[in-house]
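# Structural features, examined
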Amino acid sequence: MGDSSGQTRERWSYDVFLSFRGPDVRNGFLSHLYKSLVRSGIYTFKDDRELEIGESIPPELMKAIKNSKIYVVVLSESYASSSWCLDELVHIMRCLKNDPGHLVFPVFYKIEPSHVRRQSGPFGESFHKHRIMCTNRESKWKGYQWRKALTSIANLKGYHSSNGDSDAELIDQLTRDILRVLPSSYLHLPTYAVGIRPRVGRIKELMCFGLDDVQIIGIWGMAGIGKTTLAKAAFNEFSHRFEGRSFLENFRDYFKRPDGKLHLQKKLLSDILRKDEAAFNNMDHAVKQRFRNKRVLVVIDDVEDIVQLHSVGIYLSCFGPGSRIIITTKNKHLLEQLDVENIYSPKELNADEALDLVSWHAFRSSEPPEEFLQFPKRLVEYCGGLPLAMEVLGAFLYKRSVSEWKSTLKALKRIPDDNIQAKLQISFDALNASQKDIFLDISCFFIGMDKDYVDCILDGCELEPVAGLKVLKERCLITIHDNRLMMHDLLRDMGRYIVKGTSLRNCERWSRLWDREHVIDVLANYSGTDETEGLSLKADVTAVENFEVKAFSNLRKLRLLQLCHVALNGSYENFPKGLRWLCWLGFPEESFPINLHLRSLVVMDMQKSNLKRLWSDQKPHESLKELKYLDLSHSIQLTETPDFSYLPNLEKLFLINCQRLVKVHESIKVLQGSLILINLSGCIKLGELPLELYTLKLLETLILSGCSQLERLDDALGELESLTILKADYTAITQIPSSSDQLKKLKELSLHGCKELWKHRQYTNSDESSQVALLSPLSLNGLICLRTLRLGSCNLSDELVPANLGSLSSLEELDLQGNNFRNLQTDFAGLPSLQILKLDNCSELRSMFSLPKKLRSLYARNCTVLERTPDLLECSVLQSLHLTNCYNLVETPGLEELKTVGAIHMEMCNNIPYSDRERIMQGWAVGANGGVFVPGSSIPEWVNFKNGTRSISFTVPEPTSNSVLVGFTVWTTYVSQQDDVMSAYIPKITLKNQTKGDVWSRNPATDLIRMYREKHIWQGHFSNEDFLLETRDEVEVSVDFGDKVAILETGLTLAYREVPEVPIEQLTETGDEVDNEQLTETDDEVVIDESQRRPPRKMGMGLKTLLGAFGLLAFIVVLGKHGRPLRRHNHLRRNKVEKDKEKNATLPIFSFLDY
């Protein structure tokens, strides 16, 4: 979000803020210093020049202090006599602590630092006059703050007028030092830079300040996502920490110019060394040698490949210890070549941020006028969260009429904006020919499709998809989610616009046809040409399109064809013979045309067809030797598979839900050297598999789930030596062959709902105890690679739980839900890899022996007689706990001690004592990634902000000493008219910062709300990294669980990180550690040597390490009525090296600082 005005300009309003006592120095030293700073181009705040007469000074001063980078505090003899000056100093030191971006330059003008530190001598006489007024508690507290601020600033390195230097020399030295730490100019940011602050915070985490090695931070993303703006903001934020700095903007463009290499080298040298480039005879040598002892920040913007960097002579070895190099790029492979570990990929703006940005550009306001309300949302939807697009189009639509908005939005659907198109096309132009074809194929036909499916098609087109898709992903032209190819809408439109080329109105000349109207036009008018390589026509199932086959006769170069509910009439003799992909959903015929020649076909996708068999009794004229992928799923008329001898190289066969399929052709044996996947799920008439199927040595996946008449698997099952996945859920199988223990590569075995497996394998004797037959229906011995085992709803009793479960050392997920055991005696602690255990709906389960030590998720919902869980403290990495509807549960030992759990569901667990539930809520706040759900009618008493509605308002209070606001925890009590029903509404939390004008909406990363007629409490934690709340902000937080859930009460507590005070000098120069050797002591003065500006050395053990540990130790403290701690929490995100360095130092401290 933006700042209070919706605008984020430069980082600071002023370069320098002058704090002084007027009568002492105003007309002498101070006036000369001010003139010197102004002459040097340093924008300086001096109270009698920046504030108009009659203005209220305190608020303006507070704002000026906060928005100034450097504080020059002139400590003169009567400085402490002014309560005004002392209040100013307190605020300066507070800003310094809260934001290490500030610097302070103390000037001890004709006084001794020791007098300031101890409030003694003439300086002390001025200060102690205030004691007369310190009569109440509030004034005594203010006096304490004054003393603390004076002591802190006196401990800093400063400038001494009493050292024999003249005022002129002191002013000259001070001005030069300010210029040295102040960048020559701050980089200009967009006027409306929405969403920058939290993203800069993420960059800060990746900078790993405090480590002495040279590190590269990569900012990688698609064109227009805001990489350069983010890099500029980071440069402005952090450049003061370094001895030298340079921002090489548009590196790629400059490099391609004739003198580009020389220009970049000159800029790098002049920026960092502040010398004229003429001073360097050999630029290559200078770049490689002159920075080796300097701690520098270099931003290299828009780098295309590693050759560009090396040609300019930029290597990690060029820079001194502690240097940081930020590279922005659209090419992730470049960062991989550089072994960059810290990579940030900016996401698109969320809906709120996007609306904010569009509104500021289009209306110069955070809210559009009423008559325009509908248009910004449509524009945001078109832009897809891409800042560049919103800035360009928003600015274009500034002061446009409603009719102009409408026409622009309509035109964008046909023709992309030129400015946006040009920026996005840079990445496309860098691709080779086959990669461009892949991109265009995806943009026109394959968005949202399975990656492996598309990979097979593109491979058949000889486009080298393995490398090509990787390059597209590295260059942010595609993304892959859940193994599906995705593409930003603007990139999709760009690709389709490229296809149209210069023939915008002559669609028959396009290489790809995807628009329904254009395709119908070409087919209806028989106007197809050799230029068309791909065509897609999707009709509605209720309105089948009919065309003549001859309409395709001129499409001789067609390789990709997708038809949906289309009927063709006529002979196929002249149908395109070079097809690689034929996707014909709803094919209307009972068999495939015999004269349709598909010798080049690689993928045949004929789902939902009317086929009874692939070919009629008359066999095809030629084999489909190139066919790798055949999908006839949901063809409910299909009775048998094709003769596979005509498909000799088939690799994947899908026959899902072919409800009349009764036979798998025995010719399947010819596929021994090719077939890797068979999916027969839902073939309810299939009663057996041919013996020839068990000869498929390369078969990796066999899915038989839902084949309800399938009763057996042959003893030859063990011969499927490559099998890794076997799914046979809800089949009638009565025995898994003993040869299954030969399946050494099996990773997933699913037998959910196979009740016949254990049927008749138990009998009841006189004492009604269950006994097991001698033969077990399932052998797990030998399954050394098994990771997932599903035995849910298999009627397992105590005795029928496989005894050899403990032998599965690789098992990661075990599903035993819906079974009948009472006392689960399996020692899960012996399963070292088990992370997910599912016991839902085990309605007779009373106890469990143990839980796995590496368990991450435990599901035991609706275990209605379960009274006690095993000790959860043993599950040290548990992340989610699901105990909903465990009505008799009374104890969850160890839960309140766990700090890793992200979601706890204990709805309707009414027998757990309320005190235990309260301890769970109070013991820790869930770390911004989940929620706690427990029965309850009221929010705990110790929650300090409460309101009897769905929203709550509060003012962020002043934090206690040495504490920083890190987040807040929200409580709600809720109820519904529905009982034990999952709501379809996604929960939403909205935060309005009335002070800054920010509005944030967040969907808590928790499950949907399960609704009950009994009252429940939800608790969720939110990080301040998202909201950036500050002291005195007026805030409203509201909770929305949908219209079927009533919010009865809302509560909130603020969470702080409390850090023991660290030496203030560590906050003023670079934000890093200062070596002990850098401190010298003279006449009780602590002076920081000039070497403080050198790169810090790694600290050894001893007192420094202990102090460092205290500095890094963090606690979460709730601002509650009773001052109780909410949780101990470390919000510092550090890399592995830092964590390892701290480990030995921090662990002993917890033993005596724990609560």
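Residues numbered from 1 in each chain as written. Predicted model: local features only at pLDDT ≥ 70, side-chain atom pairs only at ≥ 80, totals over all residues. Heavy atoms only, no water.

Further remarks concern the layout of surface pockets. Of the pockets and cavities examined, the second largest pocket occupies roughly 840 Å³. As for the second largest pocket, its lining consists of 22 residues, of which Leu412, Lys413, Arg414, Ile415 and Lys500 are closest to the centre. Of all elements in the fold, only α17 (374–383), α19 (402–412), α24 (489–500) and α25 (516–524) reach the threshold of two or more residues within the lining of the second largest pocket. The greatest single-element share of the lining of the second largest pocket, amounting to six residues, is contributed by α24. A class-by-class count of the residues in the lining of the second largest pocket yields nine nonpolar, one polar and twelve charged. (1 Å grid on protein atoms, 1.4 Å probe; cavity = no way out; pocket = protein on both sides within 12 Å on 5 of 7 lines; lining within 4 Å. Points joined across faces, edges and corners; volume = space filled by probe spheres on them. Helix = DSSP H or I, 4+ residues; strand = E, 2+ residues; numbered from the N terminus. Nonpolar A, V, L, I, M, F, W, Y, C, P; charged D, E, K, R; others polar.)

In this section: helix α4 (residues 83–98). For α4, which comprises 16 residues, the first-to-last C-alpha distance of 23 Å matches the rise-based estimate of 22 Å (1.5 Å per residue) to within 8%. Regarding α4, its N-cap is Ser82, as a side-chain oxygen of that residue lies 3.2 Å from the backbone nitrogen of Trp84 further along. (Expected span 1.5 Å × (residues − 1). Polar contact = N/O pair within 3.5 Å; in protein donor to acceptor, adjacent residues only side chain to side chain.)

Mapped onto the elements, Thr973 comes out in strand β39 (residues 963–976). For the pair Thr973 and Ser938, spaced 35 residues apart in sequence, the C-alpha separation works out to 6.4 Å. Not counting the four nearest positions on each side in its chain, Thr973 is found in contact with Ser937, Ser938, Ile939, His1016, Ile1017, Ala1046, Ile1047, Leu1048 and Glu1049. (Contact = heavy atoms within 4.5 Å.)

Let us now look at the sheet that holds strand β42 (residues 998–1002). Reading across from one edge, β38-β45-β41-β42 is the order of the four strands in this open sheet, with antiparallel pairing throughout. At either end of the open sheet lies a strand with only one pairing partner, and these are β38 (951–955) and β42. Here the strands of the sheet are splayed against their neighbours by 15° on average, with no regard to which way each runs. Here strand β41 (residues 988–993) pairs with strand β45 (residues 1034–1040) via six bridges, running antiparallel. The residue bridging Lys988 from the neighbouring strand is Asp1040, located in β45. (Pairing = 2+ DSSP bridges. Axes fitted to C-alpha atoms, helices over the stretch in contact; angles between N-to-C directions.)

A few words now on the sheet that holds strand β1 (residues 14–19). If you trace the five strands from one edge of the open sheet to the other, you get β2-β1-β3-β4-β5, paired in parallel fashion. The open sheet has two edge strands, β2 (44–45) and β5 (159–160), and neither has a second partner. Pairing between strand β3 (residues 68–75) and strand β4 (residues 103–108): six bridges, direction parallel. When the bridges of β4 are listed, Val74 appears paired with Val107.

In terms of nonpolar packing, the biggest core is built from 228 residues, with Leu535, Leu680 and Leu839 touching the most fellow members. If you tally residues by element for this core, the top one is helix α21 (residues 433–446), at seven residues. Those residues in contact with Leu535 that sit more than four places away from it in its chain are Phe445, Leu513, Val519, Leu523, Phe552, Leu555, Leu558, Leu560, Leu561, Gln562 and Leu563. Counting residues in hydrophobic clusters, the runner-up holds 31 residues, among them Phe17, Phe45, Val73 and Ala154. (Core = buried A, V, L, I, M, F, W, Y, C linked by side-chain atoms within 4.5 Å. Buried < 20%, exposed > 50% of the residue type's maximum accessible area, 1.4 Å probe, protein only.)

A few words on the pairing of β4. For β4, a buried count of six out of six residues is recorded, marking the element as mostly surrounded by other parts of the structure. Of the two faces of β4, the one lined by Leu103, Phe105 and Val107 and the one lined by Val104, Pro106 and Phe108 are each fully buried. Once the chain exits β3 it traverses α4 before rejoining the sheet at β4, and the crossover so formed is right-handed. Here β4 runs beside β5; their pairing, made up of two bridges, is parallel. Its bridge partner lying in β5, Val107 is registered against Tyr159. (Right-handed = clockwise from strand over helix to strand, strands pointing away.)

Okay, the environment of Leu630 next. Following the sequence through the fold, Leu630 ends up in strand β20 (residues 629–631). The class of Leu630 is buried, set by a relative accessible area of 0%. When the C-alpha positions of Leu630 and Lys652 are compared, they lie 6.3 Å apart, and in sequence the two are 22 residues distant. Leaving out residues up to four positions away in the same chain, Leu630 has contacts with Met604, Pro642, Leu647, Leu650, Lys652, Leu653 and Phe654.

Here Ser152 lies in helix α7 (residues 137–154). Taking relative accessible area as the criterion, Ser152 reaches 14% and is therefore assigned buried. Polar contacts involving the side chain of Ser152 include one to the main-chain carbonyl oxygen of Lys148, which spans 2.9 Å.

With eight of eight residues buried, β3 lies mostly within the body of the structure. Strand direction decides the pairing type here: β1 and β3, joined by five bridges, are parallel. Bridging from a neighbouring strand, Val16 pairs with Ile70 of β3.

In this section: the confidence of the model for the chain. Taken as a whole, the chain shows an average pLDDT of 82; of its residues, 84% reach a score of 70 or greater. Per-residue pLDDT stays below 50 along residues 925–929; that stretch engages in 17 contacts with residues further than four places along the chain or on separate chains. Note on residues 1062–1155: pLDDT under 50 across the span, and 187 contacts to partners over four residues away in sequence or across chains. (pLDDT = per-residue confidence, 0-100.)

The interhelical angle for the contact between helix α16 (residues 351–363) and helix α18 (residues 387–396), taken along N-to-C directions, is 30°, at an axis separation of 7 Å. One finds that α16 runs roughly parallel with respect to α18. Handedness of the α16/α18 crossing: right-handed. Side by side, α16 and α18 meet where Ala354, Leu357, Val358, His361 and Ala362 of the first sit next to Pro387, Met390, Glu391, Gly394 and Ala395 of the second. Of the residues that constitute the contact of α16 with α18, the class distribution is seven nonpolar, two polar and one charged. (Parallel < 35°, antiparallel > 145°, perpendicular 65-115°, else oblique. Left-handed = near helix turned anticlockwise from the far one by under 90°.)

This part covers the state of the cysteines. What the rule picks out here adds up to zero disulfides. A disulfide-free cysteine, Cys461 has its sulfur positioned 9.9 Å from the sulfur of Cys456, the nearest such atom. A disulfide-free cysteine, Cys909 has its sulfur positioned 5.2 Å from the sulfur of Cys886, the nearest such atom. Assessed through its relative accessible area of 1%, Cys909 is described here as buried. (Disulfide = S-S within 2.5 Å.)

This paragraph deals with the pattern of salt bridges. Throughout the structure, instances matching the rule amount to 38 salt bridges. One salt bridge connects Glu304 with Lys256, and the closest N-O pair in it is separated by 3.7 Å. Taken as a pair, Glu304 in the loop between β8 (296–300) and α14 (306–312) and Lys256 in the loop between α11 (251–255) and α12 (260–273) lie far apart in primary sequence, 48 residues in all. Look at Glu304 and you get buried, because its relative accessible area is 16%. According to the relative accessible area criterion, Lys256 is exposed, its value standing at 52%. Of the charged contacts, one joins Asp441 and Arg559 as a salt bridge, the two residues approaching to 3.0 Å between their closest N and O atoms. Remark: Arg559 occurs in the loop between β15 (545–548) and β16 (560–564) and Asp441 occurs in helix α21; sequence separation between them is 118 residues. Overall, Asp441 belongs to the buried group, its relative accessible area being 0%. We classify Arg559 as buried; its relative accessible area is 10%. (Salt bridge = Lys/Arg side-chain N within 4 Å of Asp/Glu carboxyl O.)

The next point concerns α16. Helix length check: α16, at 13 residues, gives a terminal C-alpha distance of 17 Å against a target of 18 Å (1.5 Å per residue), a fit within 8%. Across the 13 residues of α16, ten count as buried, placing the element largely inside the fold. When α16 is considered as a whole, its buried residues turn out to be Glu353, Ala354, Asp356, Leu357, Val358, Ser359, Trp360, His361, Ala362 and Phe363. Between the side-chain oxygen of the N-cap and the backbone nitrogen of Asp352 there are 3.1 Å, and the N-cap of α16 in question is Asn350. Following α16 by one or two positions, Arg364 has its phi on the positive side, about 55°.

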